[in-house]
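Commentary on secondary and tertiary structure
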Amino acid sequence: MIPDDLLYTRTHEWLKQEGETALVGITHFAQEQLGDLTFIELPAPGDTIEAGEEMGSIESVKAASEIYAPVDGDVLEINEDLESAPELVNEDPYGEGWLIRIRPSGDLDDLLSPAEYADLVESETE
Amino acid sequence: MPYIPHTPDQVRRMLDVVGVDSMSALFADIPASMRPKSFDLPEGLSEDAVLTRLSEIAAMNETGKASFLGAGFYDHFQPRAVRALISRSEFYTAYTPYQAEASQGTLQAIFEFQTAVCRLFDMDCANASVYDGGTAIFEACMMAVRKTRRTKIVMDEALSPIYRRMLSTMTLSLDIETVIVPHASGASDKAAISAAIDKDTAAVVVQNPNFFGVVDDFSDVAATAREHKALTIMSAYPVLASVLKSPGSMGADIVVGEGQSLGLPLSFGGPYLGIMTCTKEMVRQLPGRIAGRTEDKEGRTGYVLTLQAREQHIRRAKATSNICSNQALCALMAHIQMCLLGPEGLRRQAVLSMELARYAQARLTAVRGVDLLNDAPYGNEFAITLPRPADEVVAALAEQGVAAGFPLGRYYEGLDNALLVATTDKNTPEQVDRLAAGLKDAL
């Protein structure tokens with residue numbers, strides 16, 4: 001469950017480039033670790049996010065966790081469906097469960113490749 | 001918990017373990033300048049002597065006065081059963097119901113309290129309470145600031161000055177701008193309040209009845225707030241909420257109140273009870289504990305603290321509020337009061353209080369020189385104007401065993417001659433007659 005057309009962070013977010021903009025979400029591994037999600041707090045369109053800084057939070061039945069920005073950028077759009085249906089992230093973390101659309105302003109070099117992320121997941125699973 | 005003093009021998013042994021030779025060596029890290037020079041405590045007394053002394057002090061209280069003091073705190077009747085029930089040790093000693101399997105009774109009581117106040121205010125959700133009505137307003141403002149990401153609060157000057165003072169203290173070092181909209185002879189200036197709401201406004205804060213006792217319908221203010229995507233916070237008087245148009249139907253987003261009127265005694269400053277309710281959309285911003293009802297896998301009803309990810313024991317830095325204690329026993333007292341009275345009893349308390357206020361208004365304004373401050377509709381409290389400073393009149397009437405009311409000049413400039421008079425179901429027409437006669441003598 002690690003799509004090879006995405007980039008990843010060490011904190012289990014993914015980023016998908018689509019021309020000038022990019023979609024951001026959390027990985028299948030992350031949603032599996034969190035369990036059933038109950039609430040997702042996202043930044044607002046117009047907000048600026050900064051790589052590695054907290055941009056929102058996720059509550060599951062177990063705990064509350066932070067979501068970190070994968071790169072610097074501006075928030076263009078948020079997935080409003082998640083407000084009433086946070087379980088979309090559990091069901092389809094790379095599709096219907098996307099979190100925000102951004103316009104990246106920083107470079108993407110620090111993000112992990114699918115292969116690097118696979119290694120990270122493997123090391124965290126051990 | 002008993003008080004267990006340490007014997008000199010125990011102290012010696014503890015000091016030995018720590019490895020210092022005296023108590024003063026133990027506290028050597030505290031600079032001498034910061035240590036108390038003296039505790040200035042009298043010599044100890046025997047238990048019997050202490051009881052005698054306390055009785056003497058208690059006897060200095062002046063009780064049994066006919067009281068027309070309101071101003072946010074009201075002396076309604078409390079059935080004797082309330083005290084008996086809250087004194088049960090299961091309720092009296094239980095503190096933190098985090099361990100749901102051991103706390104079902106406490107959790108059920110909290111859930112029922114929440115349900116009762118939601119019905120009273122016509123709102124979706126409630127928490128297990130906060131310290132008092134003023135704290136509830138502060139927390140409500142913080143909810144609005146978080147939700148709207150705006151920092152301007154529009155506030156009616158007819159909101160309790162006590163609450164306004166608390167709010168300005170609590171927000172002193174926060175990035176909050178408060179706009180106070182002046183009252184109009186004790187009535188809330190709704191047009192001016194609405195006009196003050198703009199795109200930067202997080203919330204508008206109103207009170208019903210307002211501090212002057214005036215009852216209003218704030219639907220238009222709430223609608224204006226909604227147009228500007230601002231929230232409406234209303235502070236409501238729980239007993240009168242049983243008969244007035246509900247805050248929920250006026251379109252309020254957050255409704256708070258001082259729960260003292262629900263059977264809590266007036267005991268010189270508390271403990272009081274902050275009621276907080278909100279719409280479903282706001283529930284994740286609601287601070288404090290929230291008890292929920294659910295079913296276990298065998299279909300049995302169970303109660304549990306819910307939405308705890310907002311709370312400080314899950315995310316300290318990100319917690320919605322760092323108030324962790326509610327006023328559990330006070331909330332339970334209010335809940336038992338509501339259960340014993342029932343909706344009918346609560347309405348009866350409200351109606352009796354309001355009817356007596358009308359009698360009082362007629363009697364008092366019949367005294368030469370006494371007028372109503374305004375002709376706005378009121379509940380169980382109204383403001384009158386006197387031909388001389390209200391402070392002096394109150395002092396004169398106190399001599400005759402009557403607490404005549406609250407002098408408005410203490411909080412409102414230019415209203416030195418205005419007196420706020422409240423009646424409850426505990427007052428009698430005879431007391432009102434005494435007040436009227438005393439007023440006539442004093443003027």
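Note that the coordinates shown come from a computational prediction; the quantities given were computed from them, not determined experimentally.

Residues and elements named next belong to chain B. Here the structure, examined in full by the defined rule, presents 21 salt bridges over all chains. The residue Asp16 makes a salt bridge to Arg12 at a minimum N-O spacing of 3.5 Å. With a gap of four residues between them, Asp16 and Arg12 both fall in helix α1 (residues 8-18), about one helical turn apart. Given the relative accessible area of 37%, Arg12 is considered partly exposed. Its salt-bridge partner being Asp198, residue Lys152 comes within 2.7 Å of it at the nearest N-O pair. Of this pair, Lys152 sits in strand β3 (residues 152-156) while Asp198 sits in the loop between α9 (190-196) and β5 (201-208), and the two are 46 residues apart along the sequence. For Lys152, a relative accessible area of 11% translates into the label buried. Using a relative accessible area of 26% as the deciding quantity, one classes Asp198 as partly exposed.

Residue and element names in this part refer to chain B. As summarised here, the arrangement of the four strands in space is β11-β12-β15-β14, forming an open sheet in which the pairing is antiparallel. Each end of this open sheet is capped by a strand with a single partner; those strands are β11 (371-372) and β14 (406-407). Strand direction decides the pairing type here: strand β12 (residues 381-385) and strand β15 (residues 418-422), joined by five bridges, are antiparallel. Paired with Ala383 across the strands is Leu420, a residue of β15.

Residue and element names in this part refer to chain B. According to the domain assignment, chain B consists of domain 1 (66-76 + 343-442) and domain 2 (80-337). Buried area between domain 1 and domain 2, summed over both chains or domains, comes out near 2,400 Å², and the portion from carbon and sulfur atoms is 69%. By the criterion of area lost to domain 2, the three top residues of domain 1 are Phe73, Leu346 and Tyr412, representing 29% of everything that side buries. Here domain 1 is connected to domain 2 by zero salt bridges. Inspection of the domain 1/domain 2 interface yields eight residue pairs in polar contact (both at pLDDT 80 or more). Elements that contribute at least two residues to the side of domain 1 that touches domain 2 include exactly α13 (328-365) and β12. When residues in the side of domain 1 that touches domain 2 are grouped by element, the largest group, six residues, is from α13. For the side of domain 1 that touches domain 2, a count of residues per class yields 19 nonpolar, six polar and three charged.

Attention now moves to the side chain of Asp253(B). All names here are of chain B. Position of Asp253 among the secondary structure elements: in the loop between α12 (247-250) and β7 (254-258). On the basis of relative accessible area, Asp253 is assigned to the buried category, the value being 8%. At 2.8 Å, the side chain of Asp253 and the side chain of Arg226 are in polar contact. In contact with Asp253, other than residues within four places in its own chain, are Met123, Arg226, Ala230, Leu231, Thr232, Thr277, Cys278, Thr279 and Met282.

The rules behind the values
- Residues numbered from 1 in each chain as written.
- Chains lettered and ligands numbered in written order.
- Predicted model: local features only at pLDDT ≥ 70, side-chain atom pairs only at ≥ 80, totals over all residues.
- Heavy atoms only, no water.
- Salt bridge = Lys/Arg side-chain N within 4 Å of Asp/Glu carboxyl O.
- Helix = DSSP H or I, 4+ residues; strand = E, 2+ residues; numbered from the N terminus.
- Buried < 20%, exposed > 50% of the residue type's maximum accessible area, 1.4 Å probe, protein only.
- Pairing = 2+ DSSP bridges.
- Domains from an automatic or database assignment.
- Buried area = accessible area lost by both parts, 1.4 Å probe.
- Polar contact = N/O pair within 3.5 Å; in protein donor to acceptor, adjacent residues only side chain to side chain.
- Nonpolar A, V, L, I, M, F, W, Y, C, P; charged D, E, K, R; others polar.
- Contact = heavy atoms within 4.5 Å.

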